[in-house]
Amino acid sequence: MRRARPPHDDPAGDVVRWAAFSCLLVPVVLVVYGTSFGGAAVATLGLAAVTAACRVLLRHSEKAEWSATPAPAEDPFPPAPRGRHSRGGAGSHRGCHASADVSPID
């Protein structure tokens, strides 16, 4: 069973969002400062390729981290229910003090 994480706790998603923002911002800055549209387009494609590769690697590392995290172990022998004055657990007879060989009288 996997641990649940809060929906706002996504560091890889934050990195990818900032990288996508940069992919949009860098060509605009390049064109404003005199680079040709072709040069800005090539820079955009390069940044988009690097962003996609980083996203794949980040997601892969997150999956590896989550699969390596051990799931909380469940207790194979849960505690026995306890009566009002009895002691729960193995060997408890719940008020019957007779041995198993004695049968009840009809």
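Our structure's up above, just so we're on the same page.
What counts as what
- Residues numbered from 1 in each chain as written.
- Predicted model: local features only at pLDDT ≥ 70, side-chain atom pairs only at ≥ 80, totals over all residues.
- Heavy atoms only, no water.
- Helix = DSSP H or I, 4+ residues; strand = E, 2+ residues; numbered from the N terminus.
- Buried < 20%, exposed > 50% of the residue type's maximum accessible area, 1.4 Å probe, protein only.
- Areas by Shrake-Rupley, 256 points an atom, 1.4 Å probe, with all protein chains shown as cover.
- Contact = heavy atoms within 4.5 Å.
- Axes fitted to C-alpha atoms, helices over the stretch in contact; angles between N-to-C directions.
- Parallel < 35°, antiparallel > 145°, perpendicular 65-115°, else oblique.
- Nonpolar A, V, L, I, M, F, W, Y, C, P; charged D, E, K, R; others polar.

## Describing the overall build of the protein chain
Phase 1 of the analysis: Within the protein chain, the secondary structure is distributed over two helices and zero strands.
Phase 2 of the analysis: When each of the 106 residues of the protein chain is scored for burial, the buried share is 10%.
Phase 3 of the analysis: As displayed, the protein chain offers around 9,200 Å² of accessible surface, 65% of which is attributable to carbon and sulfur atoms.

## A closer look at the side chain of Thr51
Phase 1 of the analysis: Along the chain, the position of Thr51 falls in helix H2 (residues 37-68).
Phase 2 of the analysis: Here Thr51 falls in the buried class, since its relative accessible area comes to 15%.
Phase 3 of the analysis: The contacts of Thr51, once residues within four sequence positions are left out, are Val16, Ala19, Ala20 and Cys23.

## A closer look at the environment of Arg59
Phase 1 of the analysis: Tracing the backbone through its elements, the reader meets Arg59 in helix H2.
Phase 2 of the analysis: Between the C-alpha atom of Arg59 and that of Ala12, which follows or precedes it by 47 residues, the distance is 7.1 Å.
Phase 3 of the analysis: Apart from residues lying up to four places away in sequence, Arg59 is in contact with Asp10, Ala12 and Gly13.

## Re the packing of helix H1 (residues 11-32) against H2
Phase 1 of the analysis: Two elements in contact, H1 and H2, have axes separated by 9 Å at closest approach and are oriented at 175 degrees. On the basis of their axis angle, the class for H1 and H2 is roughly antiparallel.
Phase 2 of the analysis: Here the contact of H1 with H2 is built from residues that sort into 17 nonpolar, four polar and three charged.

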